[in-house]
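# Tertiary structure, described
Listed below, chain by chain, are the residues.
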Amino acid sequence: MRSSEIRELLELSQQPGVISFAGGLPNPNAFPVKEIREITNKILVDGSKALQYGPTPGLKEFREEIVRFVEKEGIKAEVENVLITVGSQQALDLIGRVFLDEGDVVLVGLPTYLGAINAFLAYGVKLVGIPLDDNGMRVDLLEEKIKELKSKGEKIKLIYTVPTFQNPAGVELAEDRRKRMAEIAEEHDLLIVEDEPYSMLRFEGVALKPIKFYNNERVIYLATFSKILAPGFRLAYVIANKEIARKLVIAKQSVDLCTPTFTQVIAYYYIKNGYLEKHIPKIIEMYKKKRDIMLSALEENFPEGCKWTRPKGGMFLWVELPKRISTIEMFKEAINEKVAYVHGKAFHVDGSGENTMRLNFTNPPDELIEEGIKRLAKVVRKRL
Ligand SMILES: Cc1ncc(COP(=O)(O)O)c(C=O)c1O
């Protein structure tokens, strides 16, 4: 295990006066406090089930609700396929516990989610990166890499991917690539970990089917309530084939016995009462506006030679600066100018990406986004 340098950088970004595009935080105004209070008041009665231990896979009625929820996205599941976890982060760790041995290869995006890098590295695996473009992971290169690694006798276990509004790049995996990735897993006897925290936060375009729709057996699907309800609940779910789900439950038993019952009961009523469905469009409206403010500010203020993604949803966009600029070296100057970001190298398992950075647009207040981008543009210009 290694300490996350990003956590240390995030501390710097929390100094007073710093406009931070660094964290991955939802906007606190997107938390449905009134409804949560109402439900909490109702469930807090003598002998409440919400205060008791629960089953390791999660409360049955909550899992049943999840089955109905994911069906709308094209995922066929039964209760036995569903495991409730303490955030998707726990699911990533449990997958590592069950599947990964030292020296195994896990294929990930270049760039990819830092939390997954850290979770998998803890099991001594080799992470191999597959480049992304505007349509997500390059599945042609994925296939080439698999063949190359296999010919060298490497043991590949998983493909890890965040298909929709990827963290950190904000891009979406195209439909034909989803299908192809599902086939590649079949042809090469691999599992896919499909991590989808952002798919519900779509500002434009049509929802695509999850990879799991194309290969139900081999895809372990993860989704979380962190971005659509509240990350403080620490609630997520895994949908996997029954054999895998059982193994993950056994692994979880020794970790924490069960996911907190209290937040499961609240989230259960939150979905059942129809609150979630009504709430998501409000988050989308808030975040779309913030994305638009950031995109126009970048357009107006950033110098030529810089590129960025135009995410159709989610929480992040990705900026590429001219090759000679190191966003690691630039970070101190940015903090001096009271603006923060996460440098892109952190998300690259091959040490590349030094001229890139991730910007979060959901957390800062609207009126600070433009000012933050102006400050950042000034720092970039100085470097140029
Ligand atoms: C791609 C991805 N996976 C997993 C997580 C972890 O989410 P959770 O709060 O459910 O642990 C995040 C959080 O930012 C994420 O971006």
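Above this text sits the structure in question.
Residues numbered from 1 in each chain as written. Predicted model: local features only at pLDDT ≥ 70, side-chain atom pairs only at ≥ 80, totals over all residues. Heavy atoms only, no water.

Pairing between the strands of a sheet comes from backbone hydrogen bonds, and it takes one of two forms, parallel or antiparallel. Spatial ordering of the open sheet is given by E10-E11-E14-E13, a layout of four strands whose pairing is antiparallel. In this open sheet, the two edge strands, each paired with only one partner strand, are strand E10 (307–308) and strand E13 (342–343). In this structure, E13 lies alongside strand E14 (residues 356–360), joined through two bridges in antiparallel fashion. The residue of E14 that forms the bridge with His343 is Met357. (Pairing = 2+ DSSP bridges. Helix = DSSP H or I, 4+ residues; strand = E, 2+ residues; numbered from the N terminus.)

By volume, the largest pocket is sized at about 950 Å³. What lines the largest pocket is a set of 42 residues, among which Arg7, Gly24, Leu25, Tyr113 and Lys227 lie closest to the centre. Taken together, the elements giving at least two residues each to the lining of the largest pocket come down to helix H1 (5–13), strand E1 (19–20), helix H4 (87–99), helix H5 (114–121) and E14. (1 Å grid on protein atoms, 1.4 Å probe; cavity = no way out; pocket = protein on both sides within 12 Å on 5 of 7 lines; lining within 4 Å. Points joined across faces, edges and corners; volume = space filled by probe spheres on them.)

This next bit is on the nonpolar core. Membership of the largest hydrophobic core comes to 112 residues, with the highest contact counts inside it found for Phe62, Ile66, Phe120, Phe225, Tyr237, Phe302 and Leu359. The dominant element in this core, judged by the number of residues it contributes, is helix H11 (residues 275–301), at 10 residues. Every residue in contact with Phe120, bar those within four places of it in the chain, is listed here: Leu92, Leu100, Val106, Val125, Leu127, Leu158 and Tyr160. Counting residues in each nonpolar core, the second largest holds 20 residues, with Ile130, Val139, Ile156 and Met181 among its members. (Core = buried A, V, L, I, M, F, W, Y, C linked by side-chain atoms within 4.5 Å. Buried < 20%, exposed > 50% of the residue type's maximum accessible area, 1.4 Å probe, protein only. Contact = heavy atoms within 4.5 Å.)

Glancing now at the site of the ligand. As a structural note, the neighbourhood of the ligand is formed by 14 residues, with Ser88, Asp195, Tyr198, Thr224 and Ser226 the closest of them. The side chain of Ser226 places a nitrogen or oxygen atom 2.6 Å from an oxygen atom of the ligand. Lys227 is positioned such that a nitrogen or oxygen atom in its side chain is 2.9 Å from an oxygen atom of the ligand. Starting from 400 Å² of accessible surface for the ligand in isolation, the protein chains cover 93%. Looking at the shell around the ligand element by element, the count peaks at three residues for H4. (Near = heavy atom within 4 Å. Polar contact = N/O pair within 3.5 Å; in protein donor to acceptor, adjacent residues only side chain to side chain. Areas by Shrake-Rupley, 256 points an atom, 1.4 Å probe, with all protein chains shown as cover.)

Our focus in this paragraph is empty space enclosed by the protein. Taken as a whole and judged by the stated rule, the model has two cavities of 30 Å³ or more. In this model, the largest cavity occupies a volume close to 90 Å³. Lining the largest cavity are 13 residues, with Leu132, Met137, Thr161, Val162 and Gln166 positioned closest to its centre. Secondary structure elements with two or more residues in the lining of the largest cavity: strand E5 (136–137) and strand E6 (156–161).

Let us now look at the sheet that holds strand E7 (residues 191–195). Pairing in this open sheet of eight strands is mixed, and the strands run E2-E9-E8-E7-E6-E3-E4-E5 from one edge to the other. Edge positions in the open sheet fall to strand E2 (82–85) and E5, since each of these has one partner strand only. The sheet contact formed by strand E4 (residues 126–133) and E5 spans two bridges and is antiparallel. Its bridge partner lying in E5, Leu132 is registered against Met137.

It is worth spelling out unusual backbone geometry at this point. Cis geometry marks the peptide bond from Leu110 to Pro111, where omega comes out at 10 degrees. Inspection of the secondary structure puts Pro111 in the loop between strand E3 (105–110) and H5. The omega torsion across Asn167 and Pro168 is 20 degrees, close enough to zero to call that bond cis. Tracing the backbone through its elements, the reader meets Pro168 in the loop between E6 and helix H7 (175–187). For Phe165, which is not glycine, the phi torsion reads 50 degrees and is therefore positive. Structurally, Phe165 is set in the loop between E6 and H7. Note on Phe165: relative accessible area 1%, which makes it buried.

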